[in-house]
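# Structural overview
Each chain, letter by letter, is given below.
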Amino acid sequence: NAGVTQTPKFQVLKTGQSMTLQCAQDMNHNSMYWYRQDPGMGLRLIYYSASEGTTDKGEVPNGYNVSRLNKREFSLRLESAAPSQTSVYFCASSVPGSWETQYFGPGTRLLVL
Amino acid sequence: EDQVTQSPEALRLQEGESSSLNCSYTVSGLRGLFWYRQDPGKGPEFLFTLYSAGEEKEKERLKATLTKKESFLHITAPKPEDSATYLCAVQAEETSGSRLTFGEGTQLTVNP
């Protein structure tokens, strides 16, 4: 049981390049999330998916798109990377309910030059 | 707008020196308050969920408490392996998709 896995672990992009961050969970969770973590800002929600086939914007969705490929996988795409998107990106998943706990992956460190 | 403020930003303790971390929150209606531990270069690791004022939960040297305005994470006789950043997050009652609002964290260092 690997929990939440993310690929890649680290990526360097040039401004304007695109890339997709991958996330998968093997806990049979319905809900999945993408956060970014920046110094002095804490963790901020980018997008989330309450269930397979649905996605919703979080606090900072601009510049990102997501795809809930199936129940296990939730990807985050940067179409045209900007230096302001340099950050650490975390994927999380949870079982839906009134008081669900989110479980996080190890993160992807992204540097946009 | 939901807000979470953690203090202090950083805390340095000697091994065995007990202390508390604070999490103050503003939320329209609290569904749950979460504590996470984050080690450098890793994702947050779940510690506790608290649901209502007066509730307490314990795990090894950690005890989390909750009032209507804040939560405390008490660390009793800490060890160097307790060094990490501790994150607090709240979930509001009207939140859709179980969204969490996080504080910026308290970076704890325990010296041997």
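I will try to describe carefully the structure that is included in this document.

### Comments concerning the overall build of chain A
Within chain A one finds zero helices and eleven strands. Starting at the N terminus, the α and β elements of chain A follow one another as β-β-β-β-β-β-β-β-β-β-β. For 113 residues, the compact-globule formula gives about 13 Å, and the C-alpha radius of gyration of chain A, at 13 Å, lands near that figure. Along the three orthogonal principal directions, the C-alpha set of chain A runs to about 40 × 25 × 25 Å. Partitioning the contacts of chain A with sequence separation of at least 6, the portion at a separation of at least 24 is 56%. On chain A, roughly 5,100 Å² of surface is accessible, and the fraction owed to carbon and sulfur atoms is 51%. Between the averaged position of the 10 positive side-chain charges in chain A and that of its 8 negative side-chain charges there is a distance of 7 Å.

### Looking at the state of the cysteines
Applying the stated criterion across every chain yields a total of two disulfides over all chains. Cys23 of chain A shares a disulfide with Cys91 of chain A; S-S distance 1.9 Å. On the sign convention where negative means left-handed, the S-S torsion of about -75° between Cys23 of chain A and Cys91 of chain A marks this disulfide as left-handed. Of this pair, Cys23 of chain A sits in strand 3 (residues 19-25) while Cys91 of chain A sits in strand 9 (residues 87-94), placing them 68 residues apart in sequence. Its relative accessible area of 0% is what places Cys91 of chain A among the buried residues. Covalent S-S linkage joins Cys23 of chain B and Cys88 of chain B, the inter-sulfur distance amounting to 1.9 Å. Around the S-S axis, the bridge from Cys23 of chain B to Cys88 of chain B shows a dihedral of about -65° and counts as left-handed. Taken together, the residues span a long stretch of sequence, with Cys23 of chain B in strand 3 (residues 19-26) and Cys88 of chain B in strand 9 (residues 84-92) at a distance of 65 residues. Residue Cys23 of chain B is classed as buried on the basis of its relative accessible area, which comes to 0%. Relative accessible area serves as the criterion here: at 0%, Cys88 of chain B is assigned to the buried category.

Scoring rules and cut-offs
- All residue numbers here refer to positions counted from 1 along the written sequence of the relevant chain.
- For this description, chains carry letters from A and ligands carry numbers from 1, given in the order in which they are written.
- Local features are withheld for residues below a pLDDT of 70 in this predicted model, meaning they are given only at 70 or higher, and side-chain atom pairs are given and counted only at 80 or more; totals for whole chains, interfaces and linings count all residues.
- Calculated side-chain values reflect all of the structure's heavy atoms, with hydrogen atoms and water omitted.
- For the purposes of this entry, the term helix denotes a DSSP run of H or I that reaches at least four residues, the term strand denotes a run of E that reaches at least two, and both are numbered from the N terminus.
- Here the radius of gyration uses the C-alpha set of atoms, whereas the globule reference equals 2.2 Å times the residue count to the power 0.38.
- The contact criterion used throughout is that any non-hydrogen atoms of two residues lie within 4.5 Å.
- The method behind every accessible area is Shrake-Rupley, applied with a 1.4 Å probe, and residues are considered shielded solely by the protein chains displayed.
- By the counting scheme adopted, Arg and Lys are positive, Glu and Asp are negative, and His together with the chain ends is not counted.
- Where a charge sits is defined by one atom per residue type, namely NZ (Lys), CZ (Arg), CG (Asp) or CD (Glu).
- Only a pair of cysteine sulfur atoms within 2.5 Å counts as a disulfide in this structure description.
- Accessibility here uses a 1.4 Å probe with only protein chains present; expressed as a share of the type maximum, an area under 20% marks a residue as buried, one over 50% as exposed, and anything in between as partly exposed.

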